Amino acid sequence: MQFPESWLRALVDPPIGTQELAHLLTMSGLEVESCVPVAPGFSGVVVARVLSVQRHPNAERLSLCTVDAGQGEALAIVCGAPNVAPDMKVPCALPGAMLPGKDGAPFEIRKVTMRGIESAGMLCSARELGLSDDHSGLLTLAAQASVGADLRQVLGLDDHVFLLKLTPNRADCLSLLGVAREVAALTGAGVRPPETPPVPARGDSTFPVRIAAARACGRFGARVIRNVDATAPVPEWMKRRLERAGQRSISALVDVTNYVMLELGQPLHVYDLDKLAGGIEVRFGREGESLKLLNEQTVSIDGSVLCITDGSGPIGLAGIMGGNSTKAGFATRNILLESAFFAPEAIAGRARRYNFASDASHRFERGVDFGNCVASIERATRLILDVCGGEPGPVTDTQGELPVRSTVRMRVARARRVIGVPVDTREIAGIFDRLGFAHRLEGAGDAESFEVTPPSHRFDIAIEADLIEEVARVHGFERIPAHPPRAAAAMRARSESQRTLHALRRILAERDYREVISHSFVDAGWEADFAANGEPIRLANPIANHLEVMRSTLIGSLVASLRYNQNRDIERVRVFEVARVYLRDATAQAGPLQLAGLRQPMRVAAAACGAALPAQWGTARRDVDFYDVKADLAALLPPGEARYEPAPHPALHPGRSARVFIGGAPAGWIGELHPRWQRKYELAGPALVFEIDAQPLLQVPIPRYREVSRFPPVVRDCAVVVPNAVPWQDLLGALNEARPAAVQDIRLFDLYRGQGVDAGGKSLAFRVVMQDTSRTLTDEEADAVMAGLSEILAVRFGAKVRA
Amino acid sequence: MSDVESIVKEALEQFSRAGAPAELEQVKARFLGRSGALTEALKGLSRLGTGERRAAGALLNAAKERIESALEARRRALAESATEARLREEALDVTLPGRGRGRGGIHPISRTWERIEEIFASVGFDIADGPEIETDWYNFTALNQPENHPARSMHDTFYIEGMHALGADGRSEPLLLRTHTSPMQVRYARMHEAPIRVIAPGRTYRVDSDATHSPMFHQVEGLWIDEDISFADLKGAYTDFLRRFFETDALQVRFRPSFFPFTEPSAEIDMMFASGPKRGQWLEISGAGQVHPDVVRNFGLDPERSMGFAFGTGLERLAMLRYGITDLRLFFDGDLRFLSQFD
């Protein structure tokens, strides 16, 4: 809602300045988004009439003018404007005038000599006064402007344009009258609404109106006006107010309807009476109907859309926009003026469905004062007669079902509890008075309550909380104290067996990864490449084609991050992300934190490429590899057994990819990015990635103490040769299964292939640490344990002990 | 026995001249070796008479002790200087950098997120998180925004194609990306008994993309429901939070009336720094208010017995003000030159 301050002050004029007024509105919930002067500061500029224009004797482009600036005698002024002509009225800056400079600093006009002739002032263009960018010639003033008058007065330039950012509940403030009422309520100043005495009919011309949808159309006021001059010029004062309210002047009839809508909040519509076929009926649309609108857009209509129809079918979307076929134009002579009330429920959302908004729909879907239809039609009639002439018929006021304003009860004690301050009962009554709410106090003491009947212009007062809000608002949020709430000081702590996602983030950060946050929606190609997901969850209205599907893996986003940074000459990139992924799952049931058919688990994923270590002295450079990243993953895992099984993954190198199991359950993947994707996504070298469900990472066991032995450990090494394909993890698993109590630790310390080992085989050397808590183990006992372990490996894997 | 004295003198002198352990041992042989000067002198004792022999023997033995102890002292001195020389050689340039892995870092949004959690946890708030693909009911209807409500146009919503949920009334309702973290108010409250104190940080989405809007962003939702939690409590709690977050009591905070379908009274919260580049400007920081009675009912609670406040704040906004970041898009580019500033 935009309007000039002067228009508001014509309706209510509290004794406060512009800035104070803006602050007051903002702090009462009508946020002033901007409040800017209509013109920069200048002074000493008056209306002048050009008396004569001669060519400057010494300059081709300059004119020598005499002007009457109301100074008693004519002034000689040199002027360079091409449009200067005798008799025109123009702004004249007299010597001593201060004009706005280009850089904001004002500059003074003095008598100057231009090409040998003294100029006693300056005739001004709109740009020279900072009124617009127009510098094509002098600003032409209206012929009736009085010579010598201060230009600021004449053009009303000591004014500010207010732009309000209104919330959807305050439809009542979508008019000057509404804002004026609000200002009056806040300041106690009186409102002077525009007068709307009935304009007497001249003749009995009416037009038949029938309301078929009574609940949707509560009221349809109409009036015929014959013999209007649709081409009449719009008065300057109206044009100026409209322009400062953000409405371009279009034609007298359109401007009057816009003016009354801005002033009183009532959207009006003008039909060309001669284009109407038969009577008007307000009804819901019918399947198959369509309509060409004023904006030339053709829309198809169904049973949910309220329409104005005549014998020809729909001629307007009720409360949204009129139709093209009955539109009033410059050739129109006879008009039908509509001032109706349409119920918010019947209008809401319809315009949005057609992908546009109009001033009318914006107001109707929020609620228009249904008590104001006839007054608005009178106001518009008056203005049309004044501007365009014509002969009005009588007003017809066809009724449907109007909203009923039921009383709302507000308990004083409840209001105090919600707001947190003991607002005085008399203050509350005063607030309701100023808001124009009819009210009655009932009960006494703790049982005091108000029975309140909201006025027809308020659509946001239906329950007790709505009244409490009004009391808090008008009482002033700034006057409500800020006190820290009280709560029982119960101790709370996270379980020791729970880690947070933040803890996981810190571990990865310590392991030299940087956290990224990337969009949850990605290119469908990433889903195909990195998850072989041919049926990703799609957005119906993506913001861009490459952000159209919800990701089921974080790998694509991390690869994109590797590339982004490689393209910026960062060779070694290590990134991670903690985020949800989105998976279709027909078995998922709706639950407290889950939707049916979907899972949205949190994942932790990381990617690394380039050197294993930052460039440094004394360490040879090598590429990061699978085992580097596996160690990083291990740092993240909860203590206990994790298993890795070779398995293919669409994103990963088939020979370098493993499924990760935590506590026996599959939890994620680790591997080298498939060389195909490395090429396609233009990475400079191999990239390693892992992606793990966060849930199992968050559970950690609480430690249990085991006795520490006082006896010396026995350490034995053993090397076995097994076929290449046998994974170490299987050997270790078999050893652990059979592990005698004395064995404390089994650890791989060497992997060897080459001379001395059969081709196709590998030598794995491991160290066994044995210790008993009650005595020192003998060599014989240790040898027996080692023999037992070798035997198991020989039987299970055909392992040969190396000498 | 000036001979003996001169031998001792000679030995001490030669020992001190020996510059290395091997040389010292050679010098030693000249005096204490089998044919050394002192050994020769001792051999000569046998030629003396008993009385003389005793006196001369004592003298020679004393000389021997002196030579041996001088030798020992010299050995120690040489060993020590050898050690010192070795230590000098082993000296390192201690200013060279350490080797190994570097250290990464946590995203500024996550830093902010964790800090907010810590602040609210310190007064007993629980932390909750939930689905980002939401049902229409949780995102809008339960929060008092039925279909066609004008407030819905405040949120430009991403919808999921071809997927629906079954609403409570048996009608199918669209799935969408949550436009705010407020659905977590409802989900959490339905899972817990009053009193309720919870914050729910997380990702949120709106169809909006320009220099000051990202289609994905983060919010933190807060909810405190008890018997008598009032608007004055909201003012107290949120003001306290902002002052702790920005670590200054000089921060001014104001609450001005606004409108959200799920709170009433509703407030827009502005803050103003007393110093720094943004001092003296009111900055919008949060929307908040007393939870609307209909929403309290959707929590499964009786609004006559439970009341309280809710707020929703953008994490990007807090992080930008905290760290002086001027471009929202930096958060989501994954640019290490930006991210490494928060290590």
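Residues numbered from 1 in each chain as written. Chains lettered and ligands numbered in written order. Predicted model: local features only at pLDDT ≥ 70, side-chain atom pairs only at ≥ 80, totals over all residues. Heavy atoms only, no water.

### So, the state of the cysteines
Residue and element names in this part refer to chain A.
Stage number 1. Scanning the entire structure with this criterion turns up zero disulfides over all chains.
Stage number 2. Note on Cys-92: no disulfide assigned, nearest cysteine sulfur contributed by Cys-124 at a separation of 7.0 Å.
Stage number 3. For Cys-92, a relative accessible area of 0% translates into the label buried. (Disulfide = S-S within 2.5 Å. Buried < 20%, exposed > 50% of the residue type's maximum accessible area, 1.4 Å probe, protein only.)

### Focus: the pairing of strand 10 (residues 307-314) of chain B
Residues and elements named next belong to chain B.
Stage number 1. The buried fraction of strand 10 is high, at six of eight residues.
Stage number 2. Note that strand 6 (residues 216-226) and strand 10 share eight bridges and pair antiparallel. Residue pairing across strands places Ile-225 opposite Gly-308, the latter belonging to strand 10.
Stage number 3. Bridge analysis of strand 9 (residues 283-291) against strand 10 gives five bridges, and the strand direction is antiparallel. Residue Gly-287 lies in a different strand from strand 10, and its bridge partner there is Gly-312. (Helix = DSSP H or I, 4+ residues; strand = E, 2+ residues; numbered from the N terminus. Pairing = 2+ DSSP bridges.)

### Comments concerning the environment of Lys-680 of chain A
Stage number 1. Note on placement: Lys-680 of chain A falls in helix 18 (residues 675-680).
Stage number 2. Residues Lys-680 of chain A and Ala-465 of chain A lie 215 residues apart in sequence; the distance between their C-alpha atoms is 60 Å.

### Overview of the pattern of salt bridges
Stage number 1. What the rule picks out here adds up to 79 salt bridges over all chains.
Stage number 2. Salt-bridge contacts for Arg-514 of chain A lead to Asp-343 of chain B; the nearest nitrogen and oxygen are separated by 2.2 Å. In this pair, Arg-514 of chain A is assigned in strand 27 (residues 514-515) and Asp-343 of chain B in the segment after helix 12 (336-339), connecting two distinct chains.
Stage number 3. Ionic pairing is found between Asp-335 of chain B and Arg-337 of chain B, a salt bridge with its closest N-O pair at 2.7 Å.
Stage number 4. By relative accessible area, Asp-335 of chain B is classed as buried at 7%.
Stage number 5. Overlapping salt bridges, with partners in common, bring together Arg-170, Asp-172, Glu-182, Arg-458, Asp-460, Glu-470 and Arg-473 of chain A in one network. (Salt bridge = Lys/Arg side-chain N within 4 Å of Asp/Glu carboxyl O.)

### A word on the environment of Val-387 of chain A
Residue and element names in this part refer to chain A.
Stage number 1. Locating Val-387 in the fold gives a position in helix 10 (residues 373-388).
Stage number 2. Taking relative accessible area as the criterion, Val-387 reaches 18% and is therefore assigned buried.
Stage number 3. Sequence separation between Val-387 and Pro-233 is 154 residues, and the spatial gap between their C-alpha atoms is 7.5 Å.

### Here we look at the sheet that holds strand 25 (residues 438-442) of chain A
Residue and element names in this part refer to chain A.
Stage number 1. Pairing in this open sheet of three strands is antiparallel, and the strands run 24-26-25 from one edge to the other. Strands with a single pairing partner mark the edges of an open sheet, and in this sheet they are strand 24 (408-411) and strand 25. Between one strand and the next, the sheet's axes are offset by a mean angle of 25°, whatever the strand orientation.
Stage number 2. Relative to strand 26 (residues 449-453), strand 25 runs antiparallel, the two being bridged by five bridges. Following the sheet pairing, Leu-441 is matched in strand 26 by Phe-450.
Stage number 3. Packed onto the sheet, helix 13 (residues 464-475) meets strand 24 and strand 26 and runs at close to 60° relative to strand 24. (Axes fitted to C-alpha atoms, helices over the stretch in contact; angles between N-to-C directions. Contact = heavy atoms within 4.5 Å.)

### Some thoughts on the sheet that holds strand 6 of chain B
In any sheet, the strands associate via hydrogen bonds between backbone groups, in a parallel or an antiparallel arrangement.
Residues and elements named next belong to chain B.
Stage number 1. Strand order across the open sheet formed by seven strands is 1-5-6-10-9-8-7, with mixed pairing between neighbours. Among the strands making up the open sheet, the edge pair consists of strand 1 (126-127) and strand 7 (252-260).
Stage number 2. Docked against the sheet, helix 8 (residues 231-245) engages strand 7, strand 8 (263-272), strand 9 and strand 10, running at close to 130° with respect to strand 7.

### Here we look at helix 7 (residues 183-191) of chain B
Stage number 1. Here helix 7 of chain B lies mainly inside the structure; seven of its nine residues are buried.
Stage number 2. Along helix 7 of chain B, the positions that sit buried rather than exposed are Pro-183, Met-184, Gln-185, Val-186, Arg-187, Tyr-188 and Ala-189 of chain B.

### Focus on the interface of chain B and chain A
Stage number 1. Listed as interface residues are 93 residues of chain B and, on the opposing side, 96 residues of chain A.
Stage number 2. Buried area between chain B and chain A, summed over both chains or domains, comes out near 8000 Å², and the portion from carbon and sulfur atoms is 58%.
Stage number 3. When the buried area of chain B at its contact with chain A is split by residue, Arg-101, Pro-257 and Leu-336 of chain B rank highest and sum to 9% of it.
Stage number 4. Here chain B and chain A share nine salt bridges between them.
Stage number 5. Our count for the contact surface shared by chain B and chain A stands at 45 residue pairs in polar contact (both at pLDDT 80 or more).
Stage number 6. Tallied by class, residues from the side of chain B that touches chain A come to 40 nonpolar, 24 polar and 29 charged. (Buried area = accessible area lost by both parts, 1.4 Å probe. Polar contact = N/O pair within 3.5 Å; in protein donor to acceptor, adjacent residues only side chain to side chain. Nonpolar A, V, L, I, M, F, W, Y, C, P; charged D, E, K, R; others polar.)

### What about the nonpolar core?
Stage number 1. Ile-133 and Leu-242 of chain B are the most contacted members of the largest nonpolar core, which totals 114 residues.
Stage number 2. Here this core gets eight residues from one element, more than from any other, and that element is helix 8 of chain B.
Stage number 3. Residues contacting Leu-242 of chain B, with those up to four places away along its chain left out, are Glu-247, Leu-251, Val-253, Met-271, Ile-285 and Leu-318 of chain B.
Stage number 4. Listed in part, the 49 residues of the second largest apolar core include Ala-232, Leu-242, Ala-252 and Leu-385 of chain A. (Core = buried A, V, L, I, M, F, W, Y, C linked by side-chain atoms within 4.5 Å.)

### Re the domain arrangement of chain B
Stage number 1. Assigned domains within chain B: domain 1 (2-89) and domain 2 (108-342).
Stage number 2. Put simply, the middle of domain 1 of chain B and the middle of domain 2 of chain B, counted by C-alpha atoms, are 93 Å apart. (Domains from an automatic or database assignment.)

### Focus: the packing of aromatic side chains
Stage number 1. Within this structure, the stated rule accounts for 34 aromatic pairs over all chains.
Stage number 2. Judged by centre distance (4.7 Å) and plane angle (20°), the ring pair of Trp-7 of chain A and Tyr-259 of chain A falls under stacked. Taken as a pair, Trp-7 of chain A in helix 1 (residues 5-11) and Tyr-259 of chain A in helix 6 (residues 252-264) lie far apart in primary sequence, 252 residues in all.
Stage number 3. With a relative accessible area of 1%, Tyr-259 of chain A lands in the buried category.
Stage number 4. By the ring-pair criterion, three or more aromatic residues cluster together here, those being Phe-120, Phe-125, Trp-224, Tyr-238, Phe-241, Phe-245, Phe-246, Phe-273, Phe-309 and Phe-311 of chain B.
Stage number 5. Positioned above the aromatic ring of Phe-245 of chain B, the side-chain terminus of Arg-115 of chain B is 5.5 Å from the ring centre.
Stage number 6. A cation sits over an aromatic face here: Arg-322 of chain B above Phe-245 of chain B, 5.9 Å from the ring centre. (Phe/Tyr/Trp six-rings, centres within 6.5 Å; stacked < 30°, edge-to-face > 60°. Lys NZ or Arg CZ within 6 Å of the ring centre and 35° of its normal.)

### Looking at the packing of helix 5 (residues 236-244) of chain A against helix 6 of chain A
Residues and elements named next belong to chain A.
Stage number 1. In contact at an axis separation of 10 Å, helix 5 and helix 6 are set at 60° when each is read in the N-to-C sense. By the angle between their directions, the pair helix 5 and helix 6 is classed as oblique. When you trace helix 5 past helix 6, the crossing you get is left-handed. For the pair helix 5 and helix 6, the contacting residues are Trp-237, Met-238, Arg-241 and Leu-242 in the first and Asp-255, Val-256, Asn-258, Tyr-259 and Leu-262 in the second.
Stage number 2. Counted by class, the contact of helix 5 with helix 6 contains six nonpolar, one polar and two charged residues. (Parallel < 35°, antiparallel > 145°, perpendicular 65-115°, else oblique. Left-handed = near helix turned anticlockwise from the far one by under 90°.)

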